[in-house]
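# Commentary on secondary and tertiary structure
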Amino acid sequence: MRRRDFVKACAVGAGCAGLAPASLFADAGLRPRRYQRSRLVQSSGEPLRLGELEQLRNYVFSYPYRATPAFLLDLGTSVPGEQSLRTEAGETYRSRHGVGPKHSVVAFSAICAHKLAHPTPAVSYIRFREARGNDEPATGVISCCAENSLYDPVAGGRVLDGPAKQPLAAVLLEHDAAADELFAVGTLGGELFDRFFTEFEARLSLEYPDGNAREAAAEDVVVEPLSRFSDNIMRC
Ligand code: FES
(Lines give C-alpha, C1' and ligand atoms only; values in the text may rest on other atoms or scores of the structure.)
Protein backbone atom coordinates (compact mmCIF):
# COMPACT_ATOMS: atom_id res chain seq x y z
CA MET A 1 0.00 0.00 0.00
CA ARG A 2 1.35 3.42 -0.90
CA ARG A 3 1.81 5.91 1.93
CA ARG A 4 -0.95 8.15 0.55
CA ASP A 5 -3.38 5.25 0.58
CA PHE A 6 -2.26 4.27 4.07
CA VAL A 7 -3.16 7.70 5.39
CA LYS A 8 -6.56 7.58 3.75
CA ALA A 9 -7.30 4.14 5.14
CA CYS A 10 -6.37 5.19 8.66
CA ALA A 11 -8.47 8.33 8.43
CA VAL A 12 -11.62 6.34 7.75
CA GLY A 13 -11.05 3.98 10.66
CA ALA A 14 -9.46 0.86 9.21
CA GLY A 15 -7.00 -1.03 11.42
CA CYS A 16 -3.51 0.48 11.36
CA ALA A 17 -0.77 -1.56 12.97
CA GLY A 18 1.70 0.39 15.05
CA LEU A 19 -0.54 3.36 15.65
CA ALA A 20 -1.75 4.87 18.91
CA PRO A 21 -3.74 2.87 21.48
CA ALA A 22 -7.44 2.70 20.68
CA SER A 23 -8.26 4.58 23.92
CA LEU A 24 -6.68 7.68 22.49
CA PHE A 25 -9.38 7.76 19.86
CA ALA A 26 -12.36 6.66 21.92
CA ASP A 27 -14.15 10.01 22.56
CA ALA A 28 -17.66 10.92 21.51
CA GLY A 29 -18.21 13.94 19.26
CA LEU A 30 -15.69 14.77 16.59
CA ARG A 31 -13.26 11.90 16.55
CA PRO A 32 -9.52 12.22 16.22
CA ARG A 33 -8.09 11.06 12.94
CA ARG A 34 -5.32 8.52 12.92
CA TYR A 35 -2.37 9.16 10.67
CA GLN A 36 1.11 7.79 10.29
CA ARG A 37 2.88 7.38 13.64
CA SER A 38 5.88 9.64 13.07
CA ARG A 39 8.78 9.86 15.47
CA LEU A 40 10.01 13.41 16.00
CA VAL A 41 13.75 13.70 15.54
CA GLN A 42 16.49 16.29 15.45
CA SER A 43 18.22 17.30 12.21
CA SER A 44 20.97 14.82 13.13
CA GLY A 45 18.43 11.99 12.99
CA GLU A 46 18.64 11.42 16.74
CA PRO A 47 15.32 11.28 18.56
CA LEU A 48 14.11 14.59 19.88
CA ARG A 49 14.34 14.60 23.68
CA LEU A 50 11.75 16.64 25.54
CA GLY A 51 14.43 18.13 27.76
CA GLU A 52 16.07 19.63 24.68
CA LEU A 53 13.04 21.71 23.80
CA GLU A 54 13.36 25.33 24.75
CA GLN A 55 10.23 26.48 26.51
CA LEU A 56 8.02 28.96 24.63
CA ARG A 57 10.05 28.59 21.45
CA ASN A 58 8.46 27.89 18.07
CA TYR A 59 9.40 24.53 16.54
CA VAL A 60 8.09 23.28 13.20
CA PHE A 61 7.70 19.83 11.69
CA SER A 62 5.76 18.34 8.78
CA TYR A 63 2.63 16.45 9.74
CA PRO A 64 0.44 14.65 8.82
CA TYR A 65 1.60 15.17 5.24
CA ARG A 66 5.01 16.06 3.89
CA ALA A 67 3.90 19.55 2.94
CA THR A 68 1.70 20.47 5.93
CA PRO A 69 3.56 22.30 8.70
CA ALA A 70 2.80 21.90 12.39
CA PHE A 71 3.99 23.72 15.49
CA LEU A 72 5.56 21.94 18.44
CA LEU A 73 5.55 23.94 21.67
CA ASP A 74 6.71 23.36 25.21
CA LEU A 75 4.51 25.86 27.02
CA GLY A 76 6.31 25.34 30.31
CA THR A 77 3.03 24.92 32.15
CA SER A 78 0.53 22.11 32.42
CA VAL A 79 -1.98 21.96 29.58
CA PRO A 80 -5.02 20.36 31.21
CA GLY A 81 -7.13 19.50 28.16
CA GLU A 82 -10.90 18.98 28.37
CA GLN A 83 -11.70 22.34 26.79
CA SER A 84 -14.98 22.27 24.87
CA LEU A 85 -14.28 23.25 21.29
CA ARG A 86 -16.29 23.49 18.09
CA THR A 87 -15.35 23.47 14.45
CA GLU A 88 -16.79 25.91 11.94
CA ALA A 89 -19.05 23.09 10.76
CA GLY A 90 -20.46 22.76 14.29
CA GLU A 91 -18.71 19.55 15.32
CA THR A 92 -17.80 19.50 19.00
CA TYR A 93 -14.81 17.93 20.70
CA ARG A 94 -12.65 18.21 23.79
CA SER A 95 -9.02 19.22 23.76
CA ARG A 96 -6.29 16.87 25.00
CA HIS A 97 -3.77 17.48 27.74
CA GLY A 98 -0.15 18.17 26.99
CA VAL A 99 2.43 15.40 27.05
CA GLY A 100 5.67 15.03 28.94
CA PRO A 101 6.39 15.07 32.67
CA LYS A 102 4.70 18.44 33.10
CA HIS A 103 1.98 17.89 30.49
CA SER A 104 3.33 21.02 28.87
CA VAL A 105 4.14 19.91 25.32
CA VAL A 106 1.53 20.39 22.60
CA ALA A 107 1.37 20.52 18.82
CA PHE A 108 -0.97 22.18 16.35
CA SER A 109 -1.36 22.38 12.64
CA ALA A 110 0.42 25.61 11.68
CA ILE A 111 -2.20 26.37 9.02
CA CYS A 112 -4.30 29.35 10.11
CA ALA A 113 -7.99 28.50 10.27
CA HIS A 114 -8.89 31.74 8.48
CA LYS A 115 -7.15 31.90 5.10
CA LEU A 116 -4.54 29.21 5.62
CA ALA A 117 -1.46 31.35 6.28
CA HIS A 118 1.34 28.99 7.25
CA PRO A 119 5.11 28.90 7.63
CA THR A 120 7.11 28.50 4.43
CA PRO A 121 10.88 28.69 3.98
CA ALA A 122 10.42 32.23 2.65
CA VAL A 123 8.11 33.68 5.29
CA SER A 124 5.84 32.88 8.22
CA TYR A 125 2.89 35.05 9.19
CA ILE A 126 1.93 32.74 12.02
CA ARG A 127 3.86 31.92 15.16
CA PHE A 128 3.59 31.46 18.91
CA ARG A 129 4.48 34.55 20.90
CA GLU A 130 4.45 35.57 24.52
CA ALA A 131 1.48 37.49 25.94
CA ARG A 132 1.16 41.22 25.58
CA GLY A 133 -0.83 42.71 28.42
CA ASN A 134 -3.49 41.27 30.64
CA ASP A 135 -6.01 40.69 27.87
CA GLU A 136 -4.06 37.74 26.57
CA PRO A 137 -3.48 34.37 28.28
CA ALA A 138 -0.35 34.62 30.40
CA THR A 139 1.19 31.59 28.69
CA GLY A 140 1.11 33.28 25.29
CA VAL A 141 -0.79 32.98 22.04
CA ILE A 142 -0.44 31.68 18.52
CA SER A 143 -0.75 34.81 16.43
CA CYS A 144 -1.45 35.06 12.69
CA CYS A 145 -0.33 38.42 11.37
CA ALA A 146 -2.13 37.99 8.07
CA GLU A 147 -5.39 39.28 9.56
CA ASN A 148 -4.75 39.07 13.28
CA SER A 149 -6.33 35.84 14.37
CA LEU A 150 -5.22 34.79 17.85
CA TYR A 151 -5.35 31.27 19.25
CA ASP A 152 -4.86 29.94 22.78
CA PRO A 153 -2.52 26.91 22.77
CA VAL A 154 -3.35 26.07 26.40
CA ALA A 155 -7.03 25.83 25.50
CA GLY A 156 -6.76 23.45 22.57
CA GLY A 157 -6.05 26.19 20.03
CA ARG A 158 -9.39 27.98 20.52
CA VAL A 159 -9.87 31.33 18.82
CA LEU A 160 -9.32 34.33 21.07
CA ASP A 161 -9.71 37.07 18.50
CA GLY A 162 -9.76 37.79 14.79
CA PRO A 163 -11.61 36.35 11.80
CA ALA A 164 -10.79 32.64 12.25
CA LYS A 165 -13.96 30.64 12.82
CA GLN A 166 -12.56 27.52 14.40
CA PRO A 167 -9.60 26.43 16.55
CA LEU A 168 -6.34 25.33 15.07
CA ALA A 169 -6.42 21.59 14.54
CA ALA A 170 -4.37 19.87 17.22
CA VAL A 171 -1.71 17.32 16.37
CA LEU A 172 -1.93 14.43 18.81
CA LEU A 173 1.31 13.47 20.49
CA GLU A 174 2.50 10.44 22.40
CA HIS A 175 5.55 10.51 24.65
CA ASP A 176 7.35 7.23 25.27
CA ALA A 177 8.72 8.10 28.70
CA ALA A 178 10.99 5.06 28.93
CA ALA A 179 12.80 5.87 25.69
CA ASP A 180 12.12 9.63 25.92
CA GLU A 181 10.85 9.66 22.37
CA LEU A 182 8.04 11.76 21.01
CA PHE A 183 5.57 10.68 18.32
CA ALA A 184 2.87 12.43 16.31
CA VAL A 185 -0.03 10.04 15.81
CA GLY A 186 -3.05 11.93 14.50
CA THR A 187 -5.07 15.12 14.53
CA LEU A 188 -8.07 16.46 16.42
CA GLY A 189 -10.25 19.32 15.24
CA GLY A 190 -11.25 20.97 12.03
CA GLU A 191 -8.79 19.92 9.39
CA LEU A 192 -8.05 22.22 6.46
CA PHE A 193 -5.71 19.99 4.51
CA ASP A 194 -7.96 19.55 1.47
CA ARG A 195 -8.29 23.34 1.12
CA PHE A 196 -4.57 23.73 1.69
CA PHE A 197 -3.66 21.35 -1.12
CA THR A 198 -6.19 22.93 -3.46
CA GLU A 199 -5.28 26.55 -2.80
CA PHE A 200 -1.52 26.05 -2.87
CA GLU A 201 -1.40 23.43 -5.59
CA ALA A 202 0.68 25.53 -7.99
CA ARG A 203 3.35 26.41 -5.44
CA LEU A 204 3.47 22.91 -4.00
CA SER A 205 3.94 21.41 -7.45
CA LEU A 206 7.13 23.46 -7.73
CA GLU A 207 8.34 22.69 -4.21
CA TYR A 208 7.54 18.99 -4.59
CA PRO A 209 8.27 18.21 -8.25
CA ASP A 210 7.95 14.47 -7.55
CA GLY A 211 4.32 15.08 -6.61
CA ASN A 212 4.76 13.83 -3.07
CA ALA A 213 3.46 16.88 -1.19
CA ARG A 214 0.45 14.88 -0.04
CA GLU A 215 2.29 11.77 0.93
CA ALA A 216 2.20 10.86 4.59
CA ALA A 217 4.83 12.39 6.80
CA ALA A 218 7.91 10.23 7.12
CA GLU A 219 8.36 7.69 9.91
CA ASP A 220 11.04 10.02 11.30
CA VAL A 221 10.15 13.69 10.98
CA VAL A 222 12.69 16.42 11.63
CA VAL A 223 11.74 19.15 14.08
CA GLU A 224 13.48 22.48 13.70
CA PRO A 225 13.10 25.97 15.16
CA LEU A 226 10.81 28.22 13.17
CA SER A 227 13.67 30.73 13.07
CA ARG A 228 15.66 28.21 11.04
CA PHE A 229 12.72 27.02 8.91
CA SER A 230 11.54 30.47 7.75
CA ASP A 231 13.78 33.29 6.58
CA ASN A 232 11.28 35.96 7.61
CA ILE A 233 8.97 35.74 10.59
CA MET A 234 6.29 38.41 10.66
CA ARG A 235 5.72 40.05 14.00
CA CYS A 236 2.50 41.78 14.95
S1 FES B 1 -4.93 33.87 7.38
FE2 FES B 1 -4.58 34.00 9.51
S3 FES B 1 -5.85 35.62 10.16
FE4 FES B 1 -6.28 35.47 8.01
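The following refers to the structure shown. None of these values were measured; they are calculated from a predicted model.

### Some points on the sheet that holds strand β10 (residues 149–152)
Through backbone hydrogen bonds, the strands of a sheet pair up, either in parallel or in antiparallel fashion. An order of β8-β9-β10-β11 is seen for the 4 strands of this open sheet, with the pairing classed as antiparallel. Each edge of the sheet is formed by a strand with only one pairing partner; in this case those strands are β8 (126–129) and β11 (158–161). For this sheet, the mean inter-axis angle between neighbouring strands, taken without regard to orientation, is 30°. Where β10 and β11 come together, 3 bridges link them in antiparallel fashion. Across the sheet, Leu 150 pairs through a bridge with Asp 161, a residue of β11.

### Remarks on the pairing of strand β13 (residues 181–188)
Counting buried positions along β13 yields 7 of 8 residues, so the element is predominantly enclosed. The pairing of strand β1 (residues 33–41) with β13 spans 4 bridges and is classified as antiparallel. Each bridged residue has a counterpart across the sheet, and for Arg 33 the counterpart in β13 is Thr 187. Here 7 bridges tie strand β12 (residues 170–176) to β13, and the two strands are oriented antiparallel to one another. Among the inter-strand pairings, His 175 is bridged to a residue of β13, identified as Leu 182. Remark: 4 residues form the turn of the hairpin made by β12 and β13, two consecutive strands paired antiparallel; Asp 180 in that turn has positive phi of roughly 50°.

### Digging into the environment of His 175
Along the polypeptide, His 175 turns up in strand β12. Assessed through the 18 C-beta atoms surrounding it within 10 Å, His 175 is described here as partly exposed. Residue contacts for His 175: discarding those within four places in its chain leaves Leu 50, Val 99, Gly 100 and Leu 182.

### Some points on unusual backbone geometry
Backbone geometry follows two general trends: most residues other than glycine have a negative phi, and most peptide bonds adopt the trans configuration. Across the junction of Tyr 63 and Pro 64, the peptide omega takes the value -5°, indicating a cis bond. Structurally, Pro 64 can be placed in the loop between β2 (59–62) and β3 (69–74). In this structure, Asn 148 takes a positive phi of about 65° despite not being glycine. Along the chain, Asn 148 falls in the loop between β9 (141–144) and β10. A positive phi angle, close to 50°, is found at Asp 180, a residue other than glycine. Residue position: Asp 180 is located in the loop between β12 and β13.

Rules used throughout
- Residues numbered from 1 in each chain as written.
- Predicted model: local features only at pLDDT ≥ 70, side-chain atom pairs only at ≥ 80, totals over all residues.
- Pairing = 2+ DSSP bridges.
- Helix = DSSP H or I, 4+ residues; strand = E, 2+ residues; numbered from the N terminus.
- Axes fitted to C-alpha atoms, helices over the stretch in contact; angles between N-to-C directions.
- Buried ≥ 20, exposed ≤ 12 C-beta atoms within 10 Å, placed from the backbone.
- Contact = placed C-beta atoms within 7 Å.

So yeah, pure geometry; function would need other evidence.
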